[in-house]
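# Architecture at a glance
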Number of protein chains: 2
Amino acid sequence: MLEARVKQASVLKKLLDAIKELVTDGNLDCTDEGIALQAMDNSHVALVSLKLVAEQFESYRCDRNMPLGVNLGSLTKILKCAKDNDVVTFKAPDDADSLGMVFESPKEDRVGEYEMKLMDIDQEHLGIPDTQYDATITMSSAEFQRICRDLAALGESVKIEASKEGVRFSSEGEVGNGSVLLKQTAGTDRSSGGGSKKAQVKRDPDEEDEEEEEEEKPEVDEDEEGEEEQDDEDRPKKRKAANGKAKGAKKAKNTDSTDEVGVSIILEKQVSLTFSLKYLSNFAKSAPLAREVSLHMSNDVPLLVQFDFEQGTLQFFLAPKISDE
Amino acid sequence: MLEARVKQASVLKKLLDAIKELVTDGNLDCTDEGIALQAMDNSHVALVSLKLVAEQFESYRCDRNMPLGVNLGSLTKILKCAKDNDVVTFKAPDDADSLGMVFESPKEDRVGEYEMKLMDIDQEHLGIPDTQYDATITMSSAEFQRICRDLAALGESVKIEASKEGVRFSSEGEVGNGSVLLKQTAGTDRSSGGGSKKAQVKRDPDEEDEEEEEEEKPEVDEDEEGEEEQDDEDRPKKRKAANGKAKGAKKAKNTDSTDEVGVSIILEKQVSLTFSLKYLSNFAKSAPLAREVSLHMSNDVPLLVQFDFEQGTLQFFLAPKISDE
DNA sequence: TTGGTCGAAG
DNA sequence: CTTCGACCAA
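Residues numbered from 1 in each chain as written. Chains lettered and ligands numbered in written order. Predicted model: local features only at pLDDT ≥ 70, side-chain atom pairs only at ≥ 80, totals over all residues. Heavy atoms only, no water.

### Let's talk about the overall build of chain A
Scanning chain A from terminus to terminus reveals 5 helices and 18 strands. Looking at chain A residue by residue over its 325 residues, the buried ones come to 53%. Within chain A, contacts between residues at least 6 apart in sequence are counted, and of these 66% link residues at least 24 apart. Carbon and sulfur atoms provide 47% of the accessible area of chain A, an area that totals close to 15300 Å². (Helix = DSSP H or I, 4+ residues; strand = E, 2+ residues; numbered from the N terminus. Buried < 20%, exposed > 50% of the residue type's maximum accessible area, 1.4 Å probe, protein only. Contact = heavy atoms within 4.5 Å. Areas by Shrake-Rupley, 256 points an atom, 1.4 Å probe, with all protein chains shown as cover.)

In structure tokens, the structure reads:
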């Protein structure tokens, strides 16, 4: 059976908002490692891969692997019945043909119980090669969304060019052409060395409270041993954000602090690729999930757009348009 | 002739928003006791009953009973011409074939005068028996609205079950089933009791200007003689809300304070009834009128959904679906 | 609080 | 396809 407890319904809502337009149905693959969903978008152009790691649930139990075929529209509908701060518990017996969800208000004076019919979905499990990318850009997810929206007003596709100096997004269309150049944030450096995107421990005076309110209490360490030989010590710890990321830190993680998000570029090789803005804009909808997004690119290889948030990772893959340049 | 003065156009706007979708035309029955409107909804399924008591007008005069047949759509249109804080005066001579309305800005620097054509409406006066209900639930009107909206996403109808422990709303549909259980708020008890909410006179420093615009200054006393023998001590200052409904006070009042609204259940007998969510959702639109709503139920008897606000009471009646359970 | 935008319904 | 209502931002 499965029983997974999530502290904040809001995360799930944001996730669904982020992907439901791309994917209508998919299997929630529940294992003892967590819950994953992988699916091609409806027009089989983009690939969505979501991972929620078991350790980041408030509690998690999954006795045996079970793929739960869900309609994401239905799931969205039901999640709308939860308030943002509700605690959400997913429940499914081993032979389930429906997925149970319980929404509990923080004060425990309201309990919503919902049951959603499941469907059988033939899932071609797509192996995703662990590519080494020539360029990795980390930037504010809000800025990414803004750029996609702006350029989408001009043309159908965007050319993304990453060089040492910065990254340029450009688009052409009927009404005109446009491009946005983001310079790498000063102090940010490629390679391990400086990488740690400005981890200035910039503390707001009022940040104290927030620390309290957030869920990640000091005991962030317990599941911390989950880190094997990771070179980067800055797990997206959430509010713990500011600290950490001392050294290594090639790509910045999703820190949830209030600091500005810089632009960092890790570049093995210059890259220039063109993508459909329609899809990128869709990916950008995940911005509320994480303050940072990373774009991973190699020439002639699908782009990887990745959002790291506390509970896991959301990845989008999209093949470049051939008509590059 | 009729001359009735209302302090805040906003109340009237909210009222119209609340019922205009249910009822298109109706008689405003003006008597020396106040103004009442009673009408079946357009599909003759639900009954709407509005009462505005004479004492709660800023001033009220009605020499003889007169039913003013109005089209609520027209009335809504005209009321939109008033700003929320405007003082509204209804005027009609005895033989009126039109209803005059005057909107005066609080600062009295703007006066709008409107006249709306009246219509003749044959009114079957429906006697509403003063039923004793087996269950009376008082809860936050916003929460009621939320629940109706949530469950409406799942199915057409909702089953409401009231028991000592709480009240459960449940619905079934294509995508799945759902239920919301509200527990009775601790400390809430049947019988009178009644939570007195504080009426903090909370003043903002920058409220100076607004004070001009607002009508109710601290000196709440002027028209206070409107209050007869009232047992309830907690008059939610603010708009001077508290008067009205004097005795019995089984159900909490509409206070305008900022406190949380609890759930209280007065139960003679367990009740389980099923209703059309379409109608309940419509009723719930009255939420802006009052922070609390009370649901009155007896088996096989129409549900009464009641909103008490400063100027009066708005009631909705709806027969249960036969297919209960 | 008001105006504008977006989505849903007829 | 048009209109209305609900939601969101200024």
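### Here we look at the pattern of salt bridges
When their charged atoms lie close together, side chains carrying opposite charge are able to pair. Residues and elements named next belong to chain A. Applying the stated criterion across every chain yields a total of 23 salt bridges over all chains. Its salt-bridge partner being Glu58, residue Arg5 comes within 3.0 Å of it at the nearest N-O pair. A residue pair is termed long-range when its members are at least 10 positions apart, and Arg5 in strand β1 (residues 2–6) and Glu58 in the loop between β4 (46–53) and β5 (59–62) qualify at 53 residues. Taking relative accessible area as the criterion, Arg5 reaches 25% and is therefore assigned partly exposed. Among the residues examined, Glu58 registers a relative accessible area of 40% and is labelled partly exposed. (Salt bridge = Lys/Arg side-chain N within 4 Å of Asp/Glu carboxyl O.)

### Quick word on the nonpolar core
In terms of nonpolar packing, the biggest core is built from 159 residues, with Phe169(A), Leu280(A), Leu314(A), Leu280(B) and Leu314(B) touching the most fellow members. Apart from the residues lying within four places of it in its own chain, the contact partners of Leu314(A) are Leu15(A), Ala18(A), Ile19(A), Val48(A), Ser49(A), Leu50(A), Ser286(A), Leu289(A), Val305(A), Gln306(A), Phe307(A) and Phe309(A). (Core = buried A, V, L, I, M, F, W, Y, C linked by side-chain atoms within 4.5 Å.)

### Quick word on the packing of aromatic side chains
Tallying each qualifying case throughout the model produces 8 aromatic pairs over all chains. Judged by centre distance (4.9 Å) and plane angle (45°), the rings of Phe57(B) and Tyr60(B) are tilted. Assessed through its relative accessible area of 9%, Phe57(B) is described here as buried. Where Phe103(B) meets Tyr114(B), the ring centres are 5.1 Å apart and the plane angle is 35°; that geometry is what we call tilted. Residue Phe103(B) is located in strand β8 (residues 98–104), and its partner Tyr114(B) is located in strand β9 (residues 111–117); the two are separated by 11 residues in the primary sequence. Cluster of aromatic residues (ring-pair linked, three or more members): Phe283(A), Phe307(A) and Phe316(A). For the cation-ring pair, Lys278(B) lies above Tyr279(B), with the distance from its terminal atom to the ring centre recorded as 4.4 Å. (Phe/Tyr/Trp six-rings, centres within 6.5 Å; stacked < 30°, edge-to-face > 60°. Lys NZ or Arg CZ within 6 Å of the ring centre and 35° of its normal.)

### Some remarks on the side chain of Gln311(A)
Tracing the sequence through the fold places Gln311(A) in the loop between β17 (303–309) and β18 (312–318). Take Gln311(A): its relative accessible area is 11%, and that puts it in the buried class.

### Some points on helix α3 (residues 141–152) of chain A
Between the first and last C-alpha of α3(A) there are 16 Å, a value that for 12 residues agrees with the 16 Å anticipated at 1.5 Å per step. At the N-terminal boundary of α3(A), the capping side chain belongs to Ser140(A), with an oxygen 3.2 Å from the backbone nitrogen of Ala142(A). (Expected span 1.5 Å × (residues − 1). Polar contact = N/O pair within 3.5 Å; in protein donor to acceptor, adjacent residues only side chain to side chain.)

### Details of the interface of chain A and chain B
Contacts between the two partners involve 19 residues from chain A, matched on the other side by 19 residues from chain B. Between chain A and chain B, the buried area comes to about 1400 Å², and carbon and sulfur atoms account for 45% of it. Where chain A packs against chain B, one counts 2 salt bridges. The salt bridge involving Lys83(A) is made with Glu143(B); its shortest N-O contact spans 3.6 Å. Of all the secondary structure elements, the ones that give two or more residues to the side of chain A that touches chain B are α2 (72–79) and β9 (110–117) of chain A. Ranked by the residues each element gives to the side of chain A that touches chain B, the list is headed by β9(A), at 8 residues. (Buried area = accessible area lost by both parts, 1.4 Å probe.)

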